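Coordinate analysis (summary)
The chain contents come next:
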Amino acid sequence: MKRIALIGTGRMGVHHARTLVEEVSGVELVALCTPRSPRLGEVAAELGVPDTTRDPQSLAAREDLDGVVLTTPADTHVGLVEAFAAAGKHVFVEKPLATTLSGARSAEHATREAGVVLQVGFNRRFAESWTRARELVTAGAVGEVQRAHSLTRDPGPWRGDPDKVLQDTIFLQTLIHDFDVLNWLNPGAEPVSVHAVADALIRPDARDRGFLDTAVVLVRYSNGAIATAEASFSASYGYDLRAEVFGSGGMVQMGDPVATSARLFDASGLHGDTAGTDTSRYHDSFRRELQAFSDLVNGEDVDHADGADGVRAQLVATAAIRSVAEGRPVGVEEVGA
Ligand SMILES: NC(=O)c1ccc[n+]([C@@H]2O[C@H](COP(=O)([O-])OP(=O)(O)OC[C@H]3O[C@@H](n4cnc5c(N)ncnc54)[C@H](O)[C@@H]3O)[C@@H](O)[C@H]2O)c1
């Protein structure tokens, strides 16, 4: 049994820790770490995790650890990935790999040099209909890919504070999922140019402070395919993730805004439940991606988003950010050089 630690016991960290303990085989979660949360000891006791620490570096120094799961804020990822890679530990890092392209490249390089696993938490790849769609696309079932679309609409109403949202979060943390999906569903092709339009439509009062809550991004690929991604922080009707690939021979769709196949018909019409969030609606995708990390740590060769995939998604995000800033389509080589 391989031994792993988890760093960052916030919303995602507690979810992943519980999933690792209760539903993932092949690894044992032996330590939890977070610098500040007062609930660290409580969470560890509840999950039966034997050790806790406030110091991530002390975990990197432990010889009895094989790997680490990083569920810390995005701007801490690169430093932690590099520290654990240097210590020879396998790394699962939540998306995004980094908040800058140079950071993403540096983290990818560090893990490659160290010869350790780097898995980026692009869990949508592990959602059932996305996994099946990729199998169909790679088997040629839709023919030549001509169009792809991916969307993320978080459940509203959005109650965040625009002044506490990191700059360009809609690209770096939300649409980064869609950029990975579009790259992954167009096998063998590379993104070549990006045109993004974004605005503060939910909180127009924060527009002049650079806040963005709504975006549409057009990505041209090296095989000629035209892809689009869109995101909103606030879908009034619930949580909505979907995608579609259209090709010369057909079309495959993924996702459903409705959480259940049950439909209620009553005097006011037809109803389908759209409630839920990422960890409830897409729990199984998180379970499968963490099982993949366990399998990788145990030496198996399983499909996953690796460091190169993290960098490729970051390239699109970086070009999108520049496209909005400059109001023009941006070539990927302009940001990638
Ligand atoms: N895959 C998905 O769909 C998905 C969904 C939500 C969040 N995420 C990602 O998960 C990560 C965490 O998000 P969250 O919503 O759980 O955040 P959060 O703020 O709830 O939790 C972050 C945790 O990290 C700890 N932390 C802060 N700075 C640290 C440091 N320097 N070293 C170690 N620990 C530190 C905090 O104390 C806290 O416990 C982010 O990268 C986010 O993008 C992914």
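So, a few notes on the structure that sits alongside this text.

What counts and what doesn't
- Numbering of residues starts from 1 in each chain and follows the order in which that chain's sequence is written.
- In view of the model being predicted, local features appear only for residues whose pLDDT reaches at least 70, and side-chain atom pairs are presented and counted only at 80 or more, with totals across whole chains, interfaces and linings using the full set of residues.
- Note: side-chain values were computed over all heavy atoms of the structure, leaving out hydrogens and water.
- The near set for a molecule or strand comprises every residue that places at least one heavy atom within 4 Å of it.
- What qualifies as a polar contact is a pair of N or O atoms within 3.5 Å, subject to a donor-acceptor requirement within protein and to the restriction that residues adjacent in sequence count only when both atoms come from side chains.
- Computed with a 1.4 Å probe, the accessible areas rest on the Shrake-Rupley method; for each residue, only the protein chains presented here act as cover.
- A run of DSSP states H or I qualifies as a helix once it reaches four residues; a run of E qualifies as a strand once it reaches two. Both are numbered from the N-terminal end.
- Pairing between two strands is assigned when DSSP locates at least 2 bridges connecting them.

1. Digging into the site of the ligand
- Taken together, 24 residues surround the ligand, and among them Arg-11, Met-12, Thr-34, Lys-95 and Gln-173 come closest.
- Within the side chain of Asn-123, one N or O atom sits 3.2 Å away from a nitrogen atom of the ligand.
- A distance of 3.2 Å separates an oxygen atom of the ligand from a polar atom in the side chain of His-177.
- When the ligand sits alone it has 860 Å² of accessible area, and the protein chains cover 78% of it.
- Breaking the shell around the ligand down by element, the ones donating at least two residues are helix H1 (11-23) and helix H7 (169-184).

2. Observations regarding unusual backbone geometry
- Note the cis peptide between Lys-95 and Pro-96, where omega equals -10 degrees.
- Structurally, Pro-96 is set in the loop between strand S5 (90-94) and helix H5 (101-114).
- A cis amide bond links Gly-156 to the next residue, Pro-157, at an omega of -5 degrees.
- The residue Pro-157 is located in the loop between strand S7 (145-155) and H7 in this model.
- Despite not being glycine, Asp-168 has its phi angle at roughly 65 degrees, a positive value.

3. Concerning the pairing of S7
- Pairing geometry for S7 and strand S11 (residues 240-247), over eight bridges, is antiparallel. Note on S11: the bridge partner recorded for Val-145 is Gly-247.
- Here S7 pairs with strand S10 (residues 226-235) via eight bridges, running parallel. In the strand pairing of S10, Leu-151 is matched with Glu-230.

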